[in-house]
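Structural description and commentary
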Amino acid sequence: EPYPFSDPLIYAQYSQSALVGEGFLWPDIPTRPFYVMLLTWMYAIVGQNYSHVIFLQTVLLAFFPAVLYLLGRELGSRPLGLMLALLAILRDLTANHAAPFALNYSYSKMFMSELPTALFLVIFTILAIRWMKSSKPIWFFLLMGGVLGVASLIRLQSAVMMAPLAVLALFPLWKHRRREW
């Protein structure tokens, strides 16, 4: 019988509390508010069956290899993108098979926030690469900030990505467009 334990149990408790109208276990503040909200919506959509919620989460996380393909294509070529996507697929496949023997890693069939965060950080990286390659339209900043904001609401450590972006943006903008900087 699969069930959430440890951190996934806490996320499931927060989402169940929100579903019954109690908020996020008041006065506690969830450490991963966007992820808890996502779990709450998944429970609301598919019901109280844990297997159905895991299936829906797996469907959403199936975009991860596709986004990695896009990252590889942006960085180099289609074969690089295919290899990144294949490695992500094989990693999750082997993690699902090894799940009964280990407890301390994250994969798509657990309520863990690492994979959704990775998904949003890869999207952020693709946008940053496209921003550097393009004529630097201003709306890229808004889109990148929104994606990084969502990633930070899932795991706050994602905000660390702002420092490299500021350094990368400093040189091209300072050289040609100081006012935008």
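Residues numbered from 1 in each chain as written. Predicted model: local features only at pLDDT ≥ 70, side-chain atom pairs only at ≥ 80, totals over all residues. Heavy atoms only, no water.

Secondary structure summary: the chain contains 8 helices and 0 strands in total. From first element to last, N terminus to C terminus, the chain shows the α and β order α-α-α-α-α-α-α-α. A buried classification covers 35% of the 181 residues belonging to the chain. Of all intrachain contacts in the chain linking residues separated by at least 6 positions in sequence, the fraction that spans at least 24 positions is 55%. Element-wise, carbon and sulfur atoms account for 71% of the exposed surface of the chain, whose accessible area totals about 10900 Å². (Helix = DSSP H or I, 4+ residues; strand = E, 2+ residues; numbered from the N terminus. Buried < 20%, exposed > 50% of the residue type's maximum accessible area, 1.4 Å probe, protein only. Contact = heavy atoms within 4.5 Å. Areas by Shrake-Rupley, 256 points an atom, 1.4 Å probe, with all protein chains shown as cover.)

What follows covers the packing of helix 6 (residues 114–133) against helix 7 (residues 139–154). Packed helix pairs are characterised by how far apart their axes lie and by the angle those axes make with each other. Where helix 6 meets helix 7, the closest approach of the two axes is 9 Å, and the angle between their N-to-C directions is 160°. As the angle between them shows, helix 6 and helix 7 are arranged roughly antiparallel. As helix 6 runs across helix 7, the sense of the crossing is left-handed. Contacts between helix 6 and helix 7 involve Pro116, Thr117, Phe120, Leu121, Ile123, Phe124, Leu127, Ala128, Arg130 and Trp131 on the former and, on the latter, Phe140, Phe141, Leu143, Met144, Val147, Leu148, Val150, Ala151 and Ile154. (Axes fitted to C-alpha atoms, helices over the stretch in contact; angles between N-to-C directions. Parallel < 35°, antiparallel > 145°, perpendicular 65-115°, else oblique. Left-handed = near helix turned anticlockwise from the far one by under 90°.)

Right, let's talk about the environment of Val67 for a bit. Along the chain, the position of Val67 falls in helix 4 (residues 63–75). We classify Val67 as buried; its relative accessible area is 10%. Measuring from C-alpha to C-alpha, the distance between Val67 and Leu84 comes to 9.4 Å, with 17 residues separating the pair along the chain. For Val67, the contacting residues outside a window of four places in its chain are Leu119, Val122, Ile123 and Ile126.

Under the 1.5 Å per step criterion, the end-to-end length of helix 3 (residues 50–61) is 16 Å for 12 residues, consistent within 8% with the ideal 16 Å. Considered for burial, the residues of helix 3 that qualify are Tyr50, Val53, Ile54, Gln57 and Leu61. Here the buried residues of helix 3 occupy an arc of 100° about the axis, which is enough to place them on one side. Those residues of helix 3 that are buried lie in contact with helix 2 (33–46), helix 4 and helix 6. Its side-chain oxygen 3.0 Å from the backbone nitrogen of Ser51, Asn49 forms the N-cap of helix 3. (Expected span 1.5 Å × (residues − 1). Arc of directions from axis to C-beta. Polar contact = N/O pair within 3.5 Å; in protein donor to acceptor, adjacent residues only side chain to side chain.)

The next subject is a nonpolar patch on the surface. Together, Met83, Leu86, Leu87, Leu90 and Leu93 give the surface a local cluster of nonpolar side chains, amounting to about 460 Å² of exposed area. Summarising the element assignment, Leu86 is placed in helix 5 (residues 78–98). (Patch = residues over 30% accessible without salt bridge, like charges linked within 9 Å, V, L, I, M, F, W, Y side chains within 5 Å. Salt bridge = Lys/Arg side-chain N within 4 Å of Asp/Glu carboxyl O.)

Moving on, we get to the packing of aromatic side chains. For the coordinates displayed, the defined rule picks out 2 aromatic pairs. Plain terms: the ring middles of Tyr11 and Tyr35 are 5.6 Å apart, the flat faces sit at 80° to each other, and that makes the pair edge-to-face. In this pair, Tyr11 is assigned in helix 1 (residues 7–19) and Tyr35 in helix 2, connecting sequence segments 24 residues apart. A residue is classified by how much of its surface remains accessible, and Tyr35, at 1% relative accessible area, is buried. (Phe/Tyr/Trp six-rings, centres within 6.5 Å; stacked < 30°, edge-to-face > 60°.)

One finds Tyr11, Tyr35, Leu39, Tyr43, Tyr50, Val53 and Phe111 to be the most contacted residues of the largest nonpolar core, which totals 13 residues. Those elements giving two or more residues to this core turn out to be helix 1, helix 2 and helix 3. In contact with Tyr11, other than residues within four places in its own chain, are Thr31, Arg32, Tyr35, Val36, Leu39, Phe111, Met112 and Ser113. Counting 10 residues, the second-largest nonpolar core is a separate cluster that includes Leu127, Ala128, Val147 and Leu148. (Core = buried A, V, L, I, M, F, W, Y, C linked by side-chain atoms within 4.5 Å.)

Okay, the side chain of Ser158 next. Relative to the helices and strands, Ser158 is located in the loop between helix 7 and helix 8 (162–176). Setting aside anything within four residues of it in sequence, one finds Ser158 in contact with Thr117, Leu121, Leu148, Ala151 and Ser152.

The next point concerns the pattern of salt bridges. What the rule picks out here adds up to 3 salt bridges. The salt bridge partner of Glu74 is Arg130, with a shortest N-O separation of 2.8 Å. Pair noted here: Glu74 is in helix 4 and Arg130 is in helix 6, with a separation of 56 residues, a long-range link. Given the relative accessible area of 14%, Glu74 is considered buried. Judged by relative accessible area, Arg130 falls into the partly exposed class, the value being 32%. In this structure, Glu114 and Arg155 form a salt bridge, with 3.3 Å as the shortest nitrogen-oxygen distance. Of the two residues, Glu114 is situated in helix 6 and Arg155 in the loop between helix 7 and helix 8; the sequence distance between them amounts to 41 residues. For Glu114, a relative accessible area of 32% gives the class partly exposed. Within the structure, one salt-bridge network assembled from shared partners comprises Glu74, Arg130 and Lys133.

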